[in-house]
Amino acid sequence: MLKTLSCAELVLNIEIPQIMGILNVTPDSFSDGGQFTRIDSALSQVEKMIRDGAQIIDIGGESTRPGARDVSEKDEISRVVPVLNAIKQRFDIIVSIDTSKAGVMSEAIANGAGIINDVRALQNDGCLAIMSQCELPVCLMHMQGLPRSMQTSPQYHNLIDDIKMFFEQRIEQCEQMGINKQRLILDPGFGFGKTLTQNYHLLAHFADFKSLDLPLLAGLSRKSMIGNLLNRDVEQRLAGSLTTAILAVQQGAKIIRVHDVKETMDAIRILNAVSERV
Ligand code: 7PM
């Protein structure tokens, strides 16, 4: 049977690895202009990402950077929803919303979101309830601690087993709340409460999560684990990002969350050409 995810009116084929392009609408990326600047810039970024091969656009209104300030629900909605609407008006593309707030999820669902991407895996108040009332796929990401302090001294009994156990518990919670396992996506959360060594251990053992029998998502693009290993500033991390993307896809990642869609698409096409011939 063909493996797909029903994302509102659109269907995502996860037989082949798909690219989720990152769209940033956090205020740090728009210190100058107002709402028009934000929407205008978002639409041109999205147009290019679609042209380059993205099947999903991920909108994040909350900065989860280690040490970042909290954003109110109202502010997050006013950042994300107008951009979501503008995209859905102009393009036939699956939009995923990167949020951990029930109110944002509910507004996003009402305005055409195709996937909910939650770095807190629906652990915040009201999130399980909101997601039980729709049919959308939801990405459950693993994070140890909270953005403010998660990089201080992450500790695990066994990194892979602990993350697997976390996923098993979240899957069970979701199912108890009426969220079908078939619409869950799992992401071990590179950089979220993991040391440099732990992040590379996670990448080395990414394939272990295939045993949970759910689609896997990997977000590695431009992350500190690349910058810190190679001693590269954020604008110098493309080669590192492509390498990590290929390593994840080769180990079964079905969705790869990236900034550089065109380059990642090229890398994946090379991998696909080889995979077809083994
Ligand atoms: C600042 C610091 C801004 C970190 C943005 C980030 C993931 C995600 C993010 C991920 C899933 C980034 C992160 N990362 N959602 N949202 N998986 N599912 O580096 O790895 O993009 S935000």
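Conventions used here
Residues numbered from 1 in each chain as written. Predicted model: local features only at pLDDT ≥ 70, side-chain atom pairs only at ≥ 80, totals over all residues. Heavy atoms only, no water. 1 Å grid on protein atoms, 1.4 Å probe; cavity = no way out; pocket = protein on both sides within 12 Å on 5 of 7 lines; lining within 4 Å. Points joined across faces, edges and corners; volume = space filled by probe spheres on them. Helix = DSSP H or I, 4+ residues; strand = E, 2+ residues; numbered from the N terminus. Phe/Tyr/Trp six-rings, centres within 6.5 Å; stacked < 30°, edge-to-face > 60°. Buried < 20%, exposed > 50% of the residue type's maximum accessible area, 1.4 Å probe, protein only.

Before going further, it helps to examine empty space enclosed by the protein. Enumeration according to the criterion identifies one cavity of 30 Å³ or more in this entry. The volume enclosed by the largest cavity comes to roughly 30 Å³. Lining the largest cavity are Ser221, Leu238, Ser241, Leu242, Ala245, Val258, Asp260 and Thr264. For the lining of the largest cavity, the element with the most residues is helix α8 (residues 238-250), which contributes four residues.

This brings us to the packing of aromatic side chains. To describe a pair of aromatic rings, you give the distance between the ring centres and the angle between the ring planes. With the rule as written, the count across this model stands at four aromatic pairs. Centre to centre, the rings of phenylalanine 190 and phenylalanine 206 are 6.2 Å apart; their planes meet at 15°, and the pair counts as stacked. Residue phenylalanine 190 is located in the loop between β8 (184-187) and α6 (196-204), and its partner phenylalanine 206 is located in the loop between α6 and β9 (216-219); the two are separated by 16 residues in the primary sequence. Here phenylalanine 190 and phenylalanine 206 have matching classes, each one buried. Here phenylalanine 206 and phenylalanine 209 contribute two aromatic rings whose centre-to-centre distance is 6.4 Å and whose plane-to-plane angle is 70°, an arrangement assigned as edge-to-face. The burial state of phenylalanine 206 is the same as that of phenylalanine 209; both residues are buried.

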